[in-house]
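A look at the structure
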Amino acid sequence: MTDTGRALAELTFPIETSRLRLRPFTPADVDAVHAYQSLEEVARYQYWEPRSREEVAAEVAKWMEPDGTPEAPLSMVFAVTLKDSGALIGDMVLLFRDWEARQGELGFSFNPAFAGRGYATEAATAVMDLGFGHFGLHRIFGRCDARNDRSWALMQRLGMRREAHFREHARFKGVWDEEFYYAMLAREWADLRRGEA
Ligand SMILES: CC(C)(COP(=O)(O)OP(=O)(O)OC[C@H]1O[C@@H](n2cnc3c(N)ncnc32)[C@H](O)[C@@H]1OP(=O)(O)O)[C@@H](O)C(=O)NCCC(=O)NCCS
């Protein structure tokens, strides 16, 4: 079993922040995920088109299963819920990209009905804490379309550094893809969190 697999087995839920609870997905979450994954504005910069309820049900089922094997996991997807109402407002994913070099990748999608209140920042902070703390990652990165200003603004709010701007390096939904890479090292995150305390 990899260290990552051991850390995953030892993870306990829910993960609490001041306003949020992060937990694994259940079949009862399909409608709440469909509420945002069916929207063009949520799908615009993702590798998928707005999803039907059936497609969302298949996706949620995948999120509930171990990705990779329990011994050598590839990712963990968290349902982000509001503490006060229990409403599911989005999903956060932590991908384990290289166990030896301890590289992780962050992903996120939120229901626009809950945008602009710092919930994504709060959830991403919890996942960064978990990635660097519980999973012992050395570096966490995030990627987004350069036009996805809300996505890169979130990564900048987290304190991540823009490390790359790939110019017209691929085709994305019929046009040239411009992609930003953001990243943060464990020691930088520790310094940042110490400064906030
Ligand atoms: C990327 C995404 C999660 C960002 O959502 P968001 O609502 O902009 O982010 P937050 O929830 O952190 O809210 C931040 C906003 O709340 C404000 N805010 C209010 N209270 C806050 C708090 N306590 N902490 C931080 N920000 C706060 C911020 O100032 C910011 O406002 P602004 O947008 O006017 O600058 C969202 O746009 C999304 O899901 N997009 C569709 C899916 C997608 O493209 N995913 C990324 C693929 S790469």
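Let us look at the structure shown here. (Residues numbered from 1 in each chain as written. Predicted model: local features only at pLDDT ≥ 70, side-chain atom pairs only at ≥ 80, totals over all residues. Heavy atoms only, no water.)

Side note on the packing of helix H2 (residues 30-37) against helix H4 (residues 53-64)
So the rule is basically this: Axis definition: a line fit to C-alpha positions, over the contact stretch in the case of helices; interaxial angles, taken between N-to-C directions, run 0 to 180 degrees. Strands are runs of DSSP state E lasting at least two residues, helices are runs of H or I lasting at least four, and both sets are numbered from the N terminus onward. Here is the rule for angles: anything less than 35 degrees is roughly parallel, anything more than 145 is roughly antiparallel, 65 through 115 is roughly perpendicular, and the remaining ranges are oblique. With the far helix as reference, a near helix turned anticlockwise by less than a right angle produces a left-handed crossing, and one turned clockwise produces a right-handed crossing. We call two residues in contact when some of their heavy atoms are within 4.5 Å. Just so you know the grouping, Ala, Val, Leu, Ile, Met, Phe, Trp, Tyr, Cys and Pro go in nonpolar, Asp, Glu, Lys and Arg go in charged, and all remaining residues, Gly too, go in polar.
Relative orientation of the contacting elements H2 and H4 amounts to 120°, with a least axis distance of 9 Å. One finds that H2 runs oblique with respect to H4. The way H2 lies across H4 gives a crossing that is right-handed. Contact with H2, carried on its side by Val30, Asp31, Val33, His34 and Gln37, involves Arg53, Val56, Ala57, Glu59, Val60 and Trp63 of H4 and no other residues of that element. Looking at side-chain class alone, the contact of H2 with H4 contains six nonpolar, two polar and three charged residues.

Re the site of the ligand
Rule in force here: A single heavy atom is enough: if one lies within 4 Å of a molecule or strand, its residue is considered near that molecule or strand. Whenever a nitrogen or oxygen atom comes within 3.5 Å of another N or O atom, the pair is scored as a polar contact, on the condition that within protein one atom can donate a hydrogen and the other can accept it, and that pairs from neighbouring residues in sequence are kept only if both atoms are in side chains. All accessible areas in this document rest on Shrake-Rupley with a 1.4 Å probe, and a residue is counted as covered only by the protein chains that are shown.
Of all residues adjacent to the ligand, which total 19 residues, the nearest are Phe108, Phe110, Gly116, Thr121 and Asn148. In this structure, glycine 118 approaches the ligand through a main-chain N or O atom, which is 3.0 Å from an oxygen atom. The contact in question runs from an oxygen atom of the ligand to an N or O atom on the side chain of arginine 150, over 3.0 Å. When the ligand sits alone it has 960 Å² of accessible area, and the protein chains cover 68% of it. If you list the elements that add at least two residues to the shell around the ligand, you get strand E6 (103-110), helix H5 (119-132), strand E7 (139-145) and helix H6 (149-157). When grouped by side-chain class, the residues that make up the shell around the ligand number seven nonpolar, seven polar and five charged.

Quick word on H6
Heads up, the rule is: Whether a residue is buried, partly exposed or exposed follows from its accessible area with a 1.4 Å probe, protein chains only, as a fraction of its type maximum: under 20%, in between, or over 50%, in that order. For this quantity, the arc is that covered by the directions from the helix axis to the C-beta atoms.
Of the residues making up H6, those classed as buried are Ser151, Leu154 and Met155. An end-on view of H6 places all buried positions within 95° of arc, on one side of the element. In this structure, H6 carries Arg150 and Arg157 as exposed residues pointing more than 90 degrees from its buried face. In this structure, the buried side of H6 is in contact with E6, H5, E7 and strand E9 (175-185).

Topic: the environment of valine 56
As for its position among the elements, valine 56 is in helix H4. With a relative accessible area of 0%, valine 56 lands in the buried category. Along the sequence, valine 56 and aspartate 29 sit 27 residues apart, while their C-alpha atoms lie 9.6 Å from each other. Among all residues touching valine 56, those that are not within four sequence positions of it are Val30, Val33, His34, Gln37 and Arg51.

Here's the deal with the side chain of aspartate 29
Topologically, aspartate 29 is positioned in the loop between strand E2 (20-23) and H2. Overall, the relative accessible area of 5% leaves aspartate 29 in the buried class. At 2.8 Å, the side chain of aspartate 29 forms a polar contact with the backbone nitrogen of threonine 26. In this structure, aspartate 29 is in contact with Arg23, Pro24, Ala79 and Leu88, ignoring residues within four places of it in sequence.

A few points about the pairing of E2
Successive side chains on a regular strand alternate, one facing one side of the sheet and the next facing the other. For clarity, the threshold we go by: The criterion for strand pairing is that DSSP finds at least two bridges linking the strands in question.
A one-sided burial pattern is seen for E2, the buried positions being Leu20 and Leu22 and the unburied ones Arg21 and Arg23. Sheet topology note: the strand E1 (residues 15-16)/E2 ladder contains two bridges and is antiparallel. Pairing of glutamate 16 across the sheet is with arginine 21, part of E2. Bridging between E2 and strand E4 (residues 73-82) involves four bridges; their strand directions are antiparallel. Residue arginine 21 lies in a different strand from E4, and its bridge partner there is threonine 81.

Things to note about unusual backbone geometry
Backbone torsion omega between phenylalanine 13 and proline 14 reads -5°, so that peptide bond is classified as cis. Position of proline 14 relative to the elements: it lies in the loop between helix H1 (3-9) and E1. One non-glycine residue, glutamate 168, adopts positive backbone phi at about 40°. With respect to the helices and strands, the residue glutamate 168 is situated in strand E8 (residues 161-172). The exposure class assigned to glutamate 168 is partly exposed, which follows from its relative accessible area of 44%.

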